[in-house]
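Chain by chain, the residues:
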Amino acid sequence: MKNTTVVVGGGIMGASAAYWLSRAGRNVILLDQAEVPNRHAASGDQLRIFRMTYGKDAFYTDMAAKSLPLWSELSQQSSDKFLVQNGFLDLAVKAHGYEEQCLKVLKDHGRPCQILQKGDLRRYYPMMNSRAFRFGLLHREGGMIWAMRAVSAILGLCQRKGVKVRSRVEVAGVAKSGGRITGLKDRAGRSWPAEDYLFAPGAWTGQLLKGWRLPIKVTRQSQIYLRPPFNRGRYRAEHFPPFLIKSAGFYGLPMHIHGFMKIGELGQGAPGRPGDAPEREVSPAFERKVRAFLKRYIPELAGFTECEGHVNYYANTRDGDFIVDRLPGCSNGYLMAGFSGHGFKFAPLLGQAAAQLIVGGKSDLNLHRFRLGRF
Ligand SMILES: Cc1cc2nc3c(=O)[nH]c(=O)nc-3n(C[C@H](O)[C@H](O)[C@H](O)COP(=O)(O)OP(=O)(O)OC[C@H]3O[C@@H](n4cnc5c(N)ncnc54)[C@H](O)[C@@H]3O)c2cc1C
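Please read these numbers as outputs of a predicted model, since none were measured by experiment.

## A few points about the domain arrangement of the protein chain
For the protein chain, the assigned domains are domain 1 (4–44 + 148–216 + 319–374), domain 2 (88–140) and domain 3 (217–316). The C-alpha centroid of domain 3 is placed 29 Å from the C-alpha centroid of domain 1. Listed by partner, the interface residues are 13 residues for domain 1 and twelve residues for domain 3.

Here is the structure:
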C-alpha cells in the first residue's frame with residue numbers, strides 16, 4: 001500500500017509539491033477551497049516574472065538557476081510553453097547599487113548578461129527616459145511565466161500521475177493527537193485521513209493554521225493593467241522584456257492580454273485578507289503613484305486612458321525569506337508558506353524539496369534559510 005499525502009492548496013506551490021510527491025510514488029490528494037487555478041490566489045494572475053537577479057543575495061540567484069531546468073522540463077512534459085525567456089531588465093538609477101551587485105553575482109555564476117549604456121537604452125527601448133538611468137542590466141535567461149497556465153499544466157501532469165485534485169473543498173479543521181495530525185475536516189464535515197499533510201494555503205495560512213501562530217503578515221497588493229496609448233508595437237513581449245526599477249519601487253511586464261501591459265509596486269501594501277477589496281480595484285492614490293512613476297521613467301505611458309486593476313495578496317514573512325519546513329510539534333505535518341511576493345519562480349525547486357523532505361526526511365536543496373525556527 002502506498003502512503004497517502006494530502007496537500008492543502010492548489011496554487012503553484014501545492015501543485016508543484018503534489019507533482020513531485022506523485023513522482024516519488026506517493027498517493028496524493030490535493031484539496032483547494034476554490035477552483036484551481038483561481039484569481040484570488042497569489043498564483044492566480046496572468047504573468048509572473050522569472051529573474052535571476054537578487055542583488056548580492058547569491059542564494060536566490062542560485063535557486064533561480066536551479067529552477068530553470070525544472071520549469072523547462074515541466075513545460076516540455078505538458079506541451080505548454082508557459083515559460084517565456086524574453087530577458088529581464090534591471091534599470092539602475094544610481095551607481096554602486098543593487099544592479100551592480102546583481103551584475104557581479106550573475107558573472108560569478110557564469111550567467112550570460114549584458115550592460116546597456118544610455119545609448120543602448122535609447123536604441124532598444126526608445127519609450128524609456130534614458131536620461132533617468134545610469135545603465136540597464138539585461139539577462140536573457142530571465143523572462144516571464146504564464147502563471148495560471150503553469151498551475152493548470154502542472155495540475156494536469158499531476159492528474160496524469162494519479163493525483164486526485166479536489167476543488168471546492170475548504171479545509172476547516174486540523175485534528176492533532178500525540179504529536180501527529182490525525183486528520184483534516186472540510187467545511188462539509190468530510191474527513192481526509194492520510195499519513196502526511198502538506199499545507200500550502202498561501203494568504204490563508206494564518207487562518208487555517210491558527211493554533212501555530214505563524215509569523216505571516218498578509219498585505220493587499222495593487223497592480224494596474226493599462227493599454228499603451230501610443231506605439232503599442234513597442235510593448236510587445238518580443239521587444240520589451242519585463243523590467244524592474246528597484247530604487248523607484250516598480251516593475252512592469254509587456255503587453256500580454258488584450259493589448260494591456262502591467263505595472264506593479266514592489267513594496268508591501270496595506271494589511272488585508274483575500275476578498276476584502278474588489279478584485280479589479282484601482283484606487284485613485286495608486287493610479288496617481290503609477291502615473292508619477294511613468295512620467296519620470298516611461299513618459300509616453302503616463303497619459304494612459306484605459307486601465308483595470310488586479311488586487312492580489314502577499315503572504316509575507318518578516319525577513320522576506322520563505323517557510324518550507326515541518327510544522328512544529330507535528331511529525332507528519334509540513335508547511336510551504338510566506339512566499340513574500342517573489343516565490344513563483346522557485347516553485348518547481350521548492351515543490352521538489354518539500355516532497356523530498358516528506359518522503360525521505362531531507363532535501364537536496366538546503367532549506368536551513370527557510371526553517372520556521374528562525375523566528
Ligand atoms: C501581486 C503579486 C505579484 C507577484 N509577482 C511575482 C513575480 O513576478 N515573480 C515571482 O516569482 N513571484 C511573484 N509573486 C509571488 C508568487 O505569486 C507567490 O509566491 C506564489 O504564487 C504563492 O503560491 P502559493 O501556492 O503559495 O499560494 P496561492 O497561489 O495563494 O495558493 C494557495 C491556495 O490555497 C488554497 N487554500 C487556502 N486555504 C485553503 C483551505 N482552508 N482549504 C483548501 N484550500 C485552501 C487557495 O484557494 C489557493 O488556491 C507575486 C505575488 C503577488 C501577490
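## Side note on the sheet that holds strand S19 (residues 323–326)
Consider a sheet: its strands pair through backbone hydrogen bonds, and that pairing is either parallel or antiparallel. As summarised here, the arrangement of the six strands in space is S9-S2-S1-S13-S20-S19, forming an open sheet in which the pairing is mixed. Since the sheet does not close on itself, it has two edges, and those belong to strand S9 (164–166) and S19, each with one partner. In this sheet, neighbouring strand axes are inclined to one another by 15° on average, regardless of whether the strands run parallel or antiparallel. Pairing analysis gives four bridges linking strand S1 (residues 4–8) to strand S13 (residues 196–199), with the strands arranged parallel.

## Details of the nonpolar core
Judged by nonpolar contacts, the single largest core of 120 residues is most densely connected at Ala-17 and Ala-354. A total of nine residues in this core trace back to one element, the largest contributor, which is helix H5 (residues 147–160). For Ala-354, the residues in contact, after removing those within four places along its chain, are Ala-17, Leu-198, Val-324, Tyr-334 and Met-336.

## Focus on unusual backbone geometry
In this structure, Pro-37 follows Val-36 across a cis peptide bond, with omega equal to -10°. Turning to its location among the elements, Pro-37 is positioned in the loop between strand S2 (27–31) and strand S3 (47–50). With phi around 45°, Arg-213 is a residue other than glycine that occupies positive phi space. As for its position among the elements, Arg-213 is in the loop between helix H6 (205–208) and strand S14 (217–226). Assessed through the 10 C-beta atoms surrounding it within 10 Å, Arg-213 is described here as exposed. Non-glycine residue Ser-340 carries a positive phi angle of around 45°.

About the cut-offs
- Residues numbered from 1 in each chain as written.
- Predicted model: local features only at pLDDT ≥ 70, side-chain atom pairs only at ≥ 80, totals over all residues.
- Domains from an automatic or database assignment.
- Contact = placed C-beta atoms within 7 Å.
- Pairing = 2+ DSSP bridges.
- Helix = DSSP H or I, 4+ residues; strand = E, 2+ residues; numbered from the N terminus.
- Axes fitted to C-alpha atoms, helices over the stretch in contact; angles between N-to-C directions.
- Core = buried A, V, L, I, M, F, W, Y, C linked by C-beta atoms within 7 Å.
- Buried ≥ 20, exposed ≤ 12 C-beta atoms within 10 Å, placed from the backbone.

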